[in-house]
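# Breakdown of the fold
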Amino acid sequence: MELSQVRYFITLCKTLNFTRAAEQCNVTQPALTRAIQRLEDELGGALLFRERNLTQLTELGRAMRPHLETMLEAADAAAGLARARRKHVAGSLKIGLGPGIGAAAVAPAVREVAKMLPDVAIHFDESGPAALIDSMLTDMLDCALLPDDCDLPERLNRWPLYRESAVIVLPTEHRLCVLNAVTARDLLDETILTGERCGGFANALVQITGFSLRLQRCNGAAAQMLDLIGAGLGIALLSERLPVSGPLATRKFIDPDLSRGILLTAVAGRPLNPAAASFIKLCRARAFQ
Amino acid sequence: MEDQQGRGTHTIETLTTQLDDLLASRRQNAGWDAAYQEILTRLNREGFLAGILGAGAAFPDFVLPSAEGRLIALADELARGPVVLSFFRGEWCPFCKLTLEALARNLPAIEAAGARVLALTPETGGLPLALKHRHNAGFEVLADVDFGVGLSAGVVFKIPTLYRARLEASGNSLPLRHGNAAWCLPVPATFILRPDATIAWRFVDVDFAHRAEPADIIAALRSL
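Note that this is a predicted model, so its numbers are computed, not measured.

Parameters at a glance
- Residues numbered from 1 in each chain as written.
- Chains lettered and ligands numbered in written order.
- Predicted model: local features only at pLDDT ≥ 70, side-chain atom pairs only at ≥ 80, totals over all residues.
- Heavy atoms only, no water.
- Helix = DSSP H or I, 4+ residues; strand = E, 2+ residues; numbered from the N terminus.
- Rg over C-alpha atoms; globule rule 2.2 N^0.38 Å.
- Buried < 20%, exposed > 50% of the residue type's maximum accessible area, 1.4 Å probe, protein only.
- Contact = heavy atoms within 4.5 Å.
- Pairing = 2+ DSSP bridges.
- Right-handed = clockwise from strand over helix to strand, strands pointing away.
- Phe/Tyr/Trp six-rings, centres within 6.5 Å; stacked < 30°, edge-to-face > 60°.
- Lys NZ or Arg CZ within 6 Å of the ring centre and 35° of its normal.
- Buried area = accessible area lost by both parts, 1.4 Å probe.
- Salt bridge = Lys/Arg side-chain N within 4 Å of Asp/Glu carboxyl O.
- Polar contact = N/O pair within 3.5 Å; in protein donor to acceptor, adjacent residues only side chain to side chain.
- Nonpolar A, V, L, I, M, F, W, Y, C, P; charged D, E, K, R; others polar.

### Points about the overall build of chain B
Of regular secondary structure, chain B possesses 10 helices and nine strands. Here the C-alpha radius of gyration of chain B, 17 Å, is about what a compact globule of 224 residues would show, namely 17 Å. The C-alpha extent of chain B, read off along each of the three principal axes, is 45 × 40 × 35 Å. In chain B, which comprises 224 residues, the share counted as buried stands at 61%. Contacts in chain B between residues at least 24 apart in sequence constitute 72% of all its contacts with a sequence separation of at least 6.

Written out as structure tokens, the structure reads:
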């Protein structure tokens, strides 16, 4: 298939009018019609049907539209970043991070985008899934990393990036530090700090085991939670990817298995700026350990 | 082009011979052969090759992620000399394997001719790196995520029914590999780009068992 054929088809999907689509694509109507016919030949069926003045997508047309739209966006994005770079376009890259999801895994991809577009403004927003989804739908965020157990609307594309396990974060002098790995039973006498940005590991543990664990509610950023652990208020179940140092240590948590998948999400069918499009491609291209 | 191959210096058989042998063994399976024929018939009937960028055309500039997670710009590669740009179906394809091996083997001669190689695959999720490692490839392997560059070049086609059914039945999930459910693939295509991005030479074929012979690539580079 050819780029122009796909571009004409997507324009037709939006206008449902051959005359207007031809105008928007800057071609004659017969040329546009021929291109669509050739695309239909390749795809093995009609994409549109015309009844009097009404143009409608066929079932095949409706099925193919999102895929062809994605490919057209990818073509435009690959060329768009090259152009943005030549013209020193200042753009922005706005990434949402779900509760307890760190930026460390995607930081190399951000670095690559910033190397290509040195004027790009980088923006992270850590929040709950509902708020991040809302921000993406209202165009306040380009994409977001979300846990795979949250409800995603149909309109969001999603790509699995990696899985992460919970670790116990505790003061270095804590009695559990002598263990190589910690189980739920070891936590029965502990106070577990838990909040909106903890990734929900403590709540999952309570649900899975049915143990009545002592949970201390603590909302705030990860850094503040770590300060409280250092002060001896309690311990926490956090993502293994969260960097922990200083007077704090981490221990593996092994029974039950507490892990979650992290997805990269973005609104389907919305053209992204070159920085965001490249960031998403970089994340999708590689494997995360 | 066969007579351009340096017979005396080739101690191993040509890529074409290897591909022909592989194809012959595959075609003994009637189901495989029918799916293969369906692709050829479909793409030949509609004049697919006419839609692919031809010699003299400017290859559009692009930026894509590399297997190692860097962003690679075509313009940067061209600034250092001619580029051999080749589309592959993926890490799973045995015909691509043979071709990548041959390309890796011939890389010193290609580089001696002043050129750099970019291999594009539509695969994601670390598969471009797996492909690169498997062939110990000293050239860049790029992830053409969602077929953006392939579409611009005109090499992408929708996989016909029989072939898709065979892939699905064998558990080869292209949606998982590609990160999209378009069920598309590129046809074999190799472009030699001059430093000004114009296409000096190309090899395209609707038949995925036909690939650019490295000796032909090297000869074309030497005559630039």
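Let us keep going from here.
### Details of the pairing of strand β4 (residues 116-121) of chain B
Residues and elements named next belong to chain B. Extensive coverage of β4 is indicated by the burial of five of its six residues. Note that strand β3 (residues 83-87) and β4 share five bridges and pair parallel. Looking across to β4, one finds that S86 is bridged to A119. Of the pairings in the sheet, the one linking β4 to strand β5 (residues 140-143) comprises four bridges and is parallel in character. Considered in β5, the bridge of L120 is made with L142. Note that the unit made of β4, helix α6 (residues 127-134) and β5 has a crossover that is right-handed.

### Points about the packing of aromatic side chains
Applying the stated criterion across every chain, the model contains 11 aromatic pairs over all chains. Ring centres of Y36 of chain B and F208 of chain B lie 5.5 Å apart, and the angle between their planes is 75 degrees; this geometry places the pair in the edge-to-face category. Here the residue Y36 of chain B occupies a position in helix α2 (residues 30-45), and F208 of chain B occupies one in the loop between β9 (199-204) and α10 (214-222), the gap between them amounting to 172 residues. The exposure class of F208 of chain B is buried, given its relative accessible area of 2%. A network of ring pairs unites the aromatic residues W32, Y36, F95, Y163 and F208 of chain B as a single cluster. A cation over an aromatic ring shows up here: R286 of chain A above the ring of F288 of chain A, its NZ or CZ 4.1 Å from the ring centre.

### Re the interface of chain A and chain B
Facing 32 residues of chain A, the contacting portion of chain B comprises 38 residues. Interface area, chain A with chain B, both sides summed: about 2900 Å², of which 63% is carbon and sulfur. Taken together, the links from chain A to chain B amount to three salt bridges. With a closest N to O distance of 2.8 Å, D61 of chain B and R86 of chain A form a salt bridge. Connecting chain A to chain B are 15 residue pairs in polar contact (both at pLDDT 80 or more). Ranked by the residues each element gives to the side of chain A that touches chain B, the list is headed by helix α4 (residues 59-86) of chain A, at 13 residues. Residue composition of the side of chain A that touches chain B, by class: 19 nonpolar, four polar and nine charged.

### Points about the pattern of salt bridges
A complete count under the given rule lists 20 salt bridges over all chains for this structure. As a salt-bridge pair, E69 of chain A and R65 of chain A come within 3.8 Å of each other at their nearest N and O atoms. With a gap of four residues between them, E69 of chain A and R65 of chain A both fall in helix α4, about one helical turn apart. Note on E69 of chain A: relative accessible area 11%, which makes it buried. Salt-bridge contacts for R27 of chain B lead to D33 of chain B; the nearest nitrogen and oxygen are separated by 2.5 Å. Residue classification places R27 of chain B among the partly exposed residues on the basis of a relative accessible area of 35%.

### Concerning unusual backbone geometry
Of note, the bond from D255 of chain A into P256 of chain A is cis; its omega dihedral lies within 30 degrees of zero at 0 degrees. Located in the positive-phi region is L16 of chain A, a residue other than glycine, with phi close to 50 degrees. Along the chain, L16 of chain A turns up in the loop between α1 (3-15) and α2 (18-25). With phi around 60 degrees, D146 of chain B is a residue other than glycine that occupies positive phi space. Examined against the element boundaries, D146 of chain B turns out to sit in the loop between β5 and α7 (148-153). When its relative accessible area of 8% is taken as the criterion, D146 of chain B is described as buried.

Worth remembering: the numbers are spatial, not functional.
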